[in-house]
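What follows is each chain in one-letter form.
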Amino acid sequence: MVTAIGMVREQLTDRPLLVCDVDEVVLEFLGPFRRFLAANGLKLLPRSFRLHGNIVAIDTGTPIADEAVHPLIEMFFAEQCDWQTPACDVATTLAMLSEKADVVFLTAMPPRHHDLRRTLLNGLDLTFPMIATEEPKGPVVADLHRGRDLPLAFIDDIARNLASVGESVPQCLLVHLMADREFRALMPVPDAPVICADDWAGAHRLVSKHFWAGEPA
Ligand SMILES: [Mg+2]
């Protein structure tokens, strides 16, 4: 049986590989999620780097129960085409990088949302191959790259995902990027060897340097 990873692997060429997370990297998540919450009488308070305990009713200020958070995120993802917007400069940057590198999206999302997300990304001219999975990202990236002697980079906003890829594929450049500045300020600084980029221009520089030793893409 050909897996989703196998199908994407078949599309890779002998160029460097950039694997990008989607939420908060390619697509804004928190900004659109705040607007979705407001439409449902709720508000996300930037009190700590987590959703649980920080989503409150606008009229009473009472936090919603922890078990209500997951269904809310599911509802948001089911309506993502109505809410989510691209991160600043992502389309132009990936278009430039993809002239000389392969780009793959790796989104931590139940595969049942794959088609909606694909539709949303295609509508934004972000047509790169995508894998939707809730498995740890390190083994997925390792299975995709399979030890090829080609440069590899991974961009994500979640430290756990960056650590997973660093463990499975130690030669991979690990870049932290997060679109939402308010929540980024609350996030613990990722440990080395993760490098932080402020925006897509910064990520472009880091990835270009890793792939082509500073030669611009
Ligand atoms: Mg993310």
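Residues numbered from 1 in each chain as written. Predicted model: local features only at pLDDT ≥ 70, side-chain atom pairs only at ≥ 80, totals over all residues. Heavy atoms only, no water.

Some words on the pairing of strand β7 (residues 173–176)
- Burial of the side chains of β7 extends over both faces: Leu 173 and Val 175 are buried on one face and Leu 174 and His 176 on the other.
- Taken together, the 4 bridges between strand β6 (residues 152–156) and β7 define a ladder with parallel strand orientation. The residue of β7 that forms the bridge with Asp 156 is His 176.
- The handedness of the β6 to β7 crossover, carried by helix α8 (residues 159–168), is right-handed. (Buried < 20%, exposed > 50% of the residue type's maximum accessible area, 1.4 Å probe, protein only. Helix = DSSP H or I, 4+ residues; strand = E, 2+ residues; numbered from the N terminus. Pairing = 2+ DSSP bridges. Right-handed = clockwise from strand over helix to strand, strands pointing away.)

Brief notes about the coordination of the magnesium ion
- Note on the magnesium ion: its protein donors are Asp 21 (OD), Asp 23 (O) and Asp 157 (OD). The metal-donor distances range over 2.0 to 2.2 Å.
- Along the chain, the residues donating to the magnesium ion are arranged with the sequence spacing D-x1-D-x133-D.
- Since its relative accessible area comes to 5%, Asp 21 is described here as buried.
- Residue class for Asp 23 comes out buried when judged on its relative accessible area of 11%. (Donors = N, O, S within 2.8 Å, 3.2 Å for Na, K, Ca; no water.)

Things to note about the side chain of Asn 161
- With respect to the helices and strands, Asn 161 occurs in helix α8.
- Beyond its immediate chain neighbours, meaning those up to four positions away, Asn 161 contacts Lys 137, Phe 154 and Asp 156. (Contact = heavy atoms within 4.5 Å.)

A closer look at the pattern of salt bridges
- Summed over the entire model, instances satisfying the criterion amount to 9 salt bridges.
- Two residues, Asp 143 and Arg 9, come together in a salt bridge whose shortest N-O distance is 3.1 Å. Of the two residues, Asp 143 is situated in helix α7 (residues 137–145) and Arg 9 in helix α1 (residues 4–9); the sequence distance between them amounts to 134 residues.
- We note a salt bridge from Asp 156 to Lys 137, for which the minimum N-O separation is 2.9 Å. With a gap of 19 residues between them, Asp 156 in strand β6 and Lys 137 in helix α7 connect regions that are remote in the sequence. The same class applies to Asp 156 and to Lys 137, which are both buried. (Salt bridge = Lys/Arg side-chain N within 4 Å of Asp/Glu carboxyl O.)

So, unusual backbone geometry
- Between Ala 192 and Pro 193 the backbone carries a cis peptide bond, its omega angle lying at 10°.
- With respect to the secondary-structure elements, Pro 193 resides in the loop between α9 (181–184) and β8 (195–196).
- Positive phi, normally seen in glycine, also occurs at Asp 89, with a value near 70°.
- Tracing the chain through its elements places Asp 89 in the loop between α4 (80–83) and α5 (90–97).

Side note on the environment of Val 189
- Along the chain, Val 189 turns up in the loop between α9 and β8.
- Distance in space between the C-alpha atoms of Val 189 and Ile 158 is 11 Å, their sequence separation being 31 residues.

Quick notes on the side chain of Lys 137
- Taking relative accessible area as the criterion, Lys 137 reaches 1% and is therefore assigned buried.
- One polar contact links the side chain of Lys 137 to the main-chain carbonyl oxygen of Leu 106, over a distance of 3.1 Å.
- Discounting chain neighbours no more than four positions away, the residues touching Lys 137 are Asp 21, Leu 106, Ala 108, Phe 154, Asp 156, Asn 161, Ser 164 and Val 165. (Polar contact = N/O pair within 3.5 Å; in protein donor to acceptor, adjacent residues only side chain to side chain.)

As for the domain arrangement of the protein
- Once the domains are mapped, the protein shows domain 1 (4–28 + 85–212) and domain 2 (30–83).
- Taking only C-alpha atoms into account, the centre of domain 1 sits 25 Å from that of domain 2.
- Counting residues at the interface gives 18 residues for domain 1, matched by 18 residues for domain 2.
- Together, Leu 116, Phe 183 and Leu 186 form the three largest contributors to the area buried by domain 1 at its contact with domain 2, with a combined 33%.
- Connecting domain 1 to domain 2 are 3 salt bridges.
- Here Glu 182 makes a salt bridge to Arg 34, at a shortest N to O gap of 3.1 Å.
- On inspection of domain 1 and its partner domain 2, the count reaches 6 residue pairs in polar contact (both at pLDDT 80 or more).
- Taken together, the elements giving at least two residues each to the side of domain 1 that touches domain 2 come down to α6 (114–123) and α9.
- When residues in the side of domain 1 that touches domain 2 are grouped by element, the largest group, 3 residues, is from α6.
- Here the side of domain 1 that touches domain 2 is built from residues that sort into 9 nonpolar, 2 polar and 7 charged. (Domains from an automatic or database assignment. Buried area = accessible area lost by both parts, 1.4 Å probe. Nonpolar A, V, L, I, M, F, W, Y, C, P; charged D, E, K, R; others polar.)

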